[in-house]
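Each chain, letter by letter, is given below.
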Amino acid sequence: MATFIRKVRVGICSLALATTMFAGVGAAVEPDEILKDPALETRARELSLKLRCLVCQNQSIDDSNAPLARDLRLLVRDRLKAGDTNREVLDFVVARYGQFVLLKPPFNTHTLLLWLAPALALISGIWLAYRVFLSSRGRDAAAQTISAAQSLTPDEEAELRKILDEK
């Protein structure tokens, strides 16, 4: 009976966790934004997933509920209805808002630091850890040398024992 209750508790906790995890997942596209042409709507969704919400900054405009994201979704759909290709729509949005609006910016001279920063941080961290390791080894060796050189004479040891015995 106890194992049954435990299994039920685990199941309820798992269900609650899954519900919480996926509560915010889903597109923020409102029904009045959806295009009647399924092919154009598919293209609009693909483009929306490539564009960053300028308010949320870590979400695509397809996932964001911010008013600016809605405006960008409508802009993308208007450009597609006007006959623009996917590349033309992206170029238009980038020309208007800059490369920051792209969730995956292209690798070029302007974004070189952005792409190389993780590797530079990793290399710097490894180098720093190595330097700290070498420094601590050097301090340990120096401390051992100093303690060996500064060992107590027999007279000093006797005086130390006398002081410690008094307390």
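Residues numbered from 1 in each chain as written. Predicted model: local features only at pLDDT ≥ 70, side-chain atom pairs only at ≥ 80, totals over all residues. Heavy atoms only, no water.

### Details of the overall build of the chain
For step 1, the next point in the chain: Secondary structure assignment for the chain yields 6 helices and 0 strands.
For step 2, the next point in the chain: Within the span of the chain, comprising 167 residues, buried residues form 20% of the whole.
For step 3, the next point in the chain: Of the contacts formed within the chain by residues at least 6 apart in sequence, a portion of 51% connects residues at least 24 apart.
For step 4, the next point in the chain: Split by element, the accessible area of the chain, about 12700 Å² in all, is 63% carbon and sulfur. (Helix = DSSP H or I, 4+ residues; strand = E, 2+ residues; numbered from the N terminus. Buried < 20%, exposed > 50% of the residue type's maximum accessible area, 1.4 Å probe, protein only. Contact = heavy atoms within 4.5 Å. Areas by Shrake-Rupley, 256 points an atom, 1.4 Å probe, with all protein chains shown as cover.)

### Details of the packing of aromatic side chains
For step 1, the next point in the chain: All chains considered together, the criterion is met by 1 aromatic pair.
For step 2, the next point in the chain: The ring centre of Phe-100 lies 4.7 Å from the NZ or CZ of Arg-52, which sits over that ring.
For step 3, the next point in the chain: A cation sits over an aromatic face here: Arg-79 above Phe-92, 4.1 Å from the ring centre. (Phe/Tyr/Trp six-rings, centres within 6.5 Å; stacked < 30°, edge-to-face > 60°. Lys NZ or Arg CZ within 6 Å of the ring centre and 35° of its normal.)

### Description of helix 2 (residues 38-50)
For step 1, the next point in the chain: Taking 1.5 Å per residue, 13 residues should reach 18 Å; helix 2 reaches 19 Å between its end C-alpha atoms and fits that length.
For step 2, the next point in the chain: What helix 2 keeps buried is the set Leu-40, Glu-41, Ala-44, Leu-47 and Ser-48. Looking straight down helix 2, one finds its buried side chains confined to an arc of 125°; they lie on one side.
For step 3, the next point in the chain: Between the side-chain oxygen at the start of helix 2 and the backbone nitrogen of Ala-39 there is a gap of 3.2 Å, and the oxygen is on Asp-37. (Expected span 1.5 Å × (residues − 1). Arc of directions from axis to C-beta. Polar contact = N/O pair within 3.5 Å; in protein donor to acceptor, adjacent residues only side chain to side chain.)

### A look at the nonpolar core
For step 1, the next point in the chain: Counting residues in each nonpolar core, the largest one holds 19 residues, and the members touching the most others are Leu-51, Ile-61, Val-76, Leu-80 and Val-101.
For step 2, the next point in the chain: Among the elements of the structure, helix 2, helix 3 (67-81) and helix 4 (86-97) are those that each provide at least two residues to this core.
For step 3, the next point in the chain: With residues up to four places along the chain from it excluded, the contact list for Ile-61 reads Ser-48, Leu-51, Arg-52, Cys-53, Ala-69, Leu-72, Arg-73 and Val-76. (Core = buried A, V, L, I, M, F, W, Y, C linked by side-chain atoms within 4.5 Å.)

### As for the environment of Cys-53
For step 1, the next point in the chain: Along the chain, Cys-53 falls in the loop between helix 2 and helix 3.
For step 2, the next point in the chain: For Cys-53, a relative accessible area of 0% gives the class buried.
For step 3, the next point in the chain: Distance from Cys-53 to Leu-72, taken between C-alpha atoms, is 8.4 Å for residues 19 residues apart in sequence.
For step 4, the next point in the chain: When sequence neighbours within four positions are dropped, the list of residues in contact with Cys-53 reads Gln-59, Ser-60, Ile-61, Ser-64, Ala-66 and Ala-69.

### A few points about the confidence of the model for the chain
For step 1, the next point in the chain: Averaged over all residues, the pLDDT of the chain equals 80, while 75% of them reach at least 70.
For step 2, the next point in the chain: Ranking the helices and strands of the chain by mean pLDDT puts helix 4 first, with 93, and helix 1 (residues 2-21) last, with 60.
For step 3, the next point in the chain: Below pLDDT 50 for its whole length, residues 21-26 participates in 1 contact with residues either more than four positions away or in separate chains. (pLDDT = per-residue confidence, 0-100.)

### Some details on the pattern of salt bridges
For step 1, the next point in the chain: Under the criterion given, the structure shown has 7 salt bridges.
For step 2, the next point in the chain: Measuring nitrogen to oxygen at the nearest pair gives 3.9 Å for the salt bridge that ties Arg-161 to Glu-157. With a gap of 4 residues between them, Arg-161 and Glu-157 both fall in helix 6 (residues 154-166), about one helical turn apart.
For step 3, the next point in the chain: On the accessibility criterion, Arg-161 (52% relative accessible area) is exposed.
For step 4, the next point in the chain: A single network of salt bridges, built from pairs that share partners, joins Glu-41, Arg-45, Asp-62 and Arg-77. (Salt bridge = Lys/Arg side-chain N within 4 Å of Asp/Glu carboxyl O.)

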